[in-house]
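Listed below, chain by chain, are the residues.
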Amino acid sequence: MRIKAKEKDGITTAKVMAKHPMMSYAEAKKKGKKANFITYVIAKVGDEVVYEASTSQFLSKNPYLKFKFKGENKGKELVITWTDLSGKTKTDKKKIK
Amino acid sequence: MERRKFLGLGAGILAATMIPAGLSAQNYRETKVDVWKVKNEKGKPGVDAAIKALFGTDKVEDGKVKLKAPDIAENGAVIPVTLKAEGASRLALFQDANPESLVTVFDVPKNGIPDYSLRIKLQKTGNVVAVAEIDGKLYKASKVVKVTIGGCGG
């Protein structure tokens, strides 16, 4: 996952690009493969959840996500985890600048 | 949502560590399996039905939600969308161009800001609809996005 997170005046803006084929059911059928796409994304700073999305097959390949949250978070780590249809999860972290 | 604010004050830390507490923090793919199956059929868009399945009501007013999406998308596989609604506790994105209607559901956490951007796929020209839950009421904004295949506008 490519993560950029910057805090300014108490608001952190995070931009994430996850690497995932996001193969929809229709695409999978055409290619004779199994559909698989990210279904859930959660971002935390410490124990606090700062972003949460339940997603579908209709997000673009290598999904780009941008979100904002409040707090004095400069220097803290933003931890992002996604789960996909096959049950696989991936976690990445980045220090908030 | 005064109840949430009250709980946030006192038991904030405790609530945060007990994440799947039901107030927020849920994976809608597990808790509301059927919402994802609501179809868009020819002549019968599934947006209202999907809204009802997700929020429990299809009573939605216009306004309070800002939805940004291109008028024309040259590439239907990568369409940038931004949705925001001040004071929203939940935001959801729907469309009537793909086989199923629901695209994404965002639960806005305590310090979250309801301002989200993402890139979506649309199989063809259609309506993109953003719905926000603010203080127990639903509001929406919608936009027609024209999808061209092969680069010729319109």
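The structure this text deals with has already been given above.
As the structure is a computational prediction, the values presented were derived from the model and not from experiment.

1. Things to note about the overall build of chain B
- Secondary structure assignment for chain B yields three helices and nine strands.
- Ordered by position from N to C terminus, the α and β elements of chain B give α-α-α-β-β-β-β-β-β-β-β-β.
- Counting all 154 residues of chain B, 39% fall into the buried class.
- Of all intrachain contacts in chain B linking residues separated by at least 6 positions in sequence, the fraction that spans at least 24 positions is 62%.

2. Observations concerning the overall build of chain A
- Secondary structure assignment for chain A yields one helix and seven strands.
- Across chain A, helices and strands are ordered from the amino to the carboxyl terminus as β-β-α-β-β-β-β-β.
- A principal-axis box enclosing the C-alpha atoms of chain A has dimensions of 50 × 20 × 15 Å.
- Across the 97 residues of chain A, 40% fall into the buried class.
- When contacts within chain A are restricted to residue pairs at least 6 apart in sequence, those whose partners lie at least 24 apart make up 53%.

3. Things to note about the interface of chain A and chain B
- The interface of chain A with chain B comprises 27 residues on the first partner and 29 residues on the second.
- Of all the secondary structure elements, the ones that give two or more residues to the side of chain A that touches chain B are strand 3 (38–45), strand 4 (48–55) and strand 5 (64–70) of chain A.
- If one sorts the elements of the side of chain A that touches chain B by residue count, strand 4 of chain A sits on top with eight residues.
- Considering only residue class, the side of chain A that touches chain B consists of 14 nonpolar, six polar and seven charged.

4. Some points on the nonpolar core
- By size, the foremost hydrophobic cluster in this structure holds 64 residues, and its most contacted members are Val41 of chain A together with Leu91, Phe94, Ala130 and Val131 of chain B.
- No other element matches the six residues that strand 3 of chain A contributes to this core.
- With residues up to four places along the chain from it excluded, the contact list for Leu91 of chain B reads Leu83, Ala85, Phe106, Val108, Pro114, Tyr116, Ala130 and Ala132 of chain B.

5. Details of helix 3 (residues 47–55) of chain B
All names here are of chain B.
- Residues of helix 3 that are buried: Val47, Ala50, Ile51 and Leu54. Seen along its axis, helix 3 keeps its buried residues to an arc of 105 degrees; they face one direction.
- Backbone geometry just after helix 3 places Gly56 at a positive phi near 90 degrees.

6. Re the pairing of strand 5 of chain A
- Residues Leu65, Phe67 and Phe69 of chain A of strand 5 of chain A are buried on one face, while the alternating residues Tyr64, Lys66, Lys68 and Lys70 of chain A, pointing to the opposite face, are not.
- The pairing of strand 2 (residues 11–17) of chain A with strand 5 of chain A spans seven bridges and is antiparallel. Looking across to strand 5 of chain A, one finds that Ala14 of chain A is bridged to Phe67 of chain A.
- In this sheet, strand 7 (residues 112–120) of chain B lies alongside strand 5 of chain A in antiparallel orientation, the contact comprising four bridges. Across the sheet, Lys68 of chain A pairs through a bridge with Ile113 of chain B, a residue of strand 7 of chain B.

7. Observations regarding the sheet that holds strand 5 of chain A
- What the six strands build is an open sheet, ordered 1(A)-2(A)-5(A)-7(B)-4(B)-2(B); its pairing is antiparallel. Looking at the sheet topology across the chains shown, the edges are occupied by strand 1 (2–8) of chain A together with strand 2 (66–68) of chain B. Across this sheet, the average inter-strand angle for adjacent strands is 10 degrees, counted without regard to direction.

8. What about the environment of Ala43 of chain A?
Residue and element names in this part refer to chain A.
- On the secondary structure map, Ala43 appears in strand 3.
- Classification of Ala43 as buried rests on a count of 25 C-beta atoms within 10 Å.
- Each C-alpha atom, one on Ala43 and one on Asp84, is 15 Å from the other, the two residues being 41 residues apart in sequence.
- Among all residues touching Ala43, those that are not within four sequence positions of it are Ala14, Val50, Tyr51, Leu78, Val79 and Ile80.

Criteria and cut-off values
Residues numbered from 1 in each chain as written. Chains lettered and ligands numbered in written order. Predicted model: local features only at pLDDT ≥ 70, side-chain atom pairs only at ≥ 80, totals over all residues. Helix = DSSP H or I, 4+ residues; strand = E, 2+ residues; numbered from the N terminus. Buried ≥ 20, exposed ≤ 12 C-beta atoms within 10 Å, placed from the backbone. Contact = placed C-beta atoms within 7 Å. Nonpolar A, V, L, I, M, F, W, Y, C, P; charged D, E, K, R; others polar. Core = buried A, V, L, I, M, F, W, Y, C linked by C-beta atoms within 7 Å. Arc of directions from axis to C-beta. Pairing = 2+ DSSP bridges. Axes fitted to C-alpha atoms, helices over the stretch in contact; angles between N-to-C directions.

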